[in-house]
Amino acid sequence: MNKFLGYLFTPIFYFFFFLMLVIFQPIQWICYRFFGYKAHKVSVDILNFFLTYCNWFLGNSVTFINHQNLPKDQPIIFVANHQSMYDIPGLIWNLRKYQPKFISKIELTKGIPSISYNLKYGGGANIDRKDSKQAVSEMIKLGRRMKEKNWSTVIFAEGTRAKDGQLKPFQVGGIATLLKVVPNALVVPVAIENSWKIVRYGKFPLSFGERIRWTVLSPIDQTDKNAEQITLAAENAIRTKLNQTLTT
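Residues numbered from 1 in each chain as written. Predicted model: local features only at pLDDT ≥ 70, side-chain atom pairs only at ≥ 80, totals over all residues. Heavy atoms only, no water.

A.B. asks: Sorry if this is basic, but what is going on with the packing of aromatic side chains here?
C.D. replies: In this description, a pair of aromatic rings is defined by centroid distance and the angle of the planes. On inspection of all chains with the given rule, the structure shows 23 aromatic pairs. Their ring planes at 85° and their centres at 5.1 Å tell us that F15 and F16 sit as a pair that is edge-to-face. The partly exposed category is assigned to F16, whose relative accessible area is 30%. Between the aromatic rings of Y32 and Y117, the centroid separation amounts to 6.3 Å while the plane-to-plane angle is 80°, which identifies the pairing as edge-to-face. Of this pair, Y32 sits in helix α1 (residues 2-35) while Y117 sits in helix α4 (residues 115-121), and the two are 85 residues apart along the sequence. Given the relative accessible area of 27%, Y32 is considered partly exposed. Overall, the relative accessible area of 8% leaves Y117 in the buried class. By the ring-pair criterion, three or more aromatic residues cluster together here, those being F24, F49, F50, Y53, W56 and W93. (Phe/Tyr/Trp six-rings, centres within 6.5 Å; stacked < 30°, edge-to-face > 60°. Buried < 20%, exposed > 50% of the residue type's maximum accessible area, 1.4 Å probe, protein only. Helix = DSSP H or I, 4+ residues; strand = E, 2+ residues; numbered from the N terminus.)

Structure, rendered in structure tokens:
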């Protein structure tokens with residue numbers, strides 16, 4: 001039934017999703033060029049509100065749970081699992097008060113309405129995976145911006161999407177680099193559930209009637225832990241939430 005209804009409602013979802021991207025392209029440009037970073041960020045937040053709730057056109061529920069009393073005057077590294085591109089709008093919208101930035105492939109900075117513009121000017125790190133020096137340099141620059149402006153960063157530590165929802169081992173590199181630059185950053189896991197189901201049949205049809213959930217978990221106790229131990233603790237916190245086997 002999810003697939004059958006997907007055939008009916010996927011065109012409606014895509015129409016409104018891409019309509020929002022097209023509408024907010026000039027809005028972002030005006031906000032950034034004439035009013036600066038803060039106005040641009042507001043436009044990006046509003047865009048991602050609409051992108052998040054476009055899920056309703058697929059009959060998908062979206063639930064974001066954050067019972068953590070996280071500081072807004074301290075950099076935060078949100079460490080999340082990654083299941084589909086539809087993970088991202090909900091994170092941007094619901095974590096907006098922490099000013100989350102993302103680490104993206106440099107190829108994405110061209111050709112995608114709204115998304116490419118935000119990646120260019122939103123303050124995140126756009127890395128060339130074929131150029132390790134450039135990637136590390138961009139990460140260091142991002143860490144410095146976090147330190148100076150009390151921004152947060154979202155890292156998908158698996159390094160790729162888990163298309164079946166099963167967590168892949170977390171990679172420590174990005175987290176370690178940021179912690180070297182911003183040693184006072186708080187590391188906070190975020191568990192994402194059922195986003196992979198949206199695209200389990202591919203790009204068409206998208207699945208109908210899924211329950212998408214983001215849960216912000218307790219910050220990692222970083223006392224006497226190195227980057228590898230912190231990363232493993234974040235991974236296992238998410239595995240526990242998803243009822244998947246812990247990594248030792």
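Resuming the write-up.
A.B. asks: I tried to follow the pattern of salt bridges on my own but got confused; where do I start?
C.D. replies: Where charged atoms from two side chains of opposite charge come close, those side chains can pair. Counted by the stated rule, this structure contains five salt bridges. Linking K141 and E138 is a salt bridge whose minimum nitrogen-to-oxygen distance equals 3.6 Å. In this pair, K141 and E138 are both assigned in helix α5 (residues 132-149), three residues apart and thus about one turn of the helix distant. When its relative accessible area of 40% is taken as the criterion, K141 is described as partly exposed. Residue classification places E138 among the buried residues on the basis of a relative accessible area of 17%. Note that E193 is salt-bridged to R213, the shortest N-O span being 3.9 Å. On the criterion of sequence distance, the pair formed by E193 in strand β6 (residues 186-193) and R213 in strand β7 (residues 211-216) is long-range, its members being 20 residues apart. (Salt bridge = Lys/Arg side-chain N within 4 Å of Asp/Glu carboxyl O.)

A.B. asks: Which parts of the structure should I look at to understand the packing of α5 against helix α6 (residues 173-181)?
C.D. replies: Each pair of packed helices can be summarised by the angle the axes make with each other and by the distance between the axes. The geometry of α5 relative to α6 is characterised by a closest axis approach of 8 Å and an angle of 45° between their N-to-C directions. Judged by the inter-axis angle, α5 sits oblique to α6. As for the relative orientation of α5 and α6, their crossing is right-handed in sense. Of the residues in α6, those in contact with M139, I140, L142, G143, R144, M146 and K147 of α5 are G174, T177, L178 and V181. A per-class count over the contact of α5 with α6 returns six nonpolar, three polar and two charged. (Axes fitted to C-alpha atoms, helices over the stretch in contact; angles between N-to-C directions. Parallel < 35°, antiparallel > 145°, perpendicular 65-115°, else oblique. Left-handed = near helix turned anticlockwise from the far one by under 90°. Contact = heavy atoms within 4.5 Å. Nonpolar A, V, L, I, M, F, W, Y, C, P; charged D, E, K, R; others polar.)

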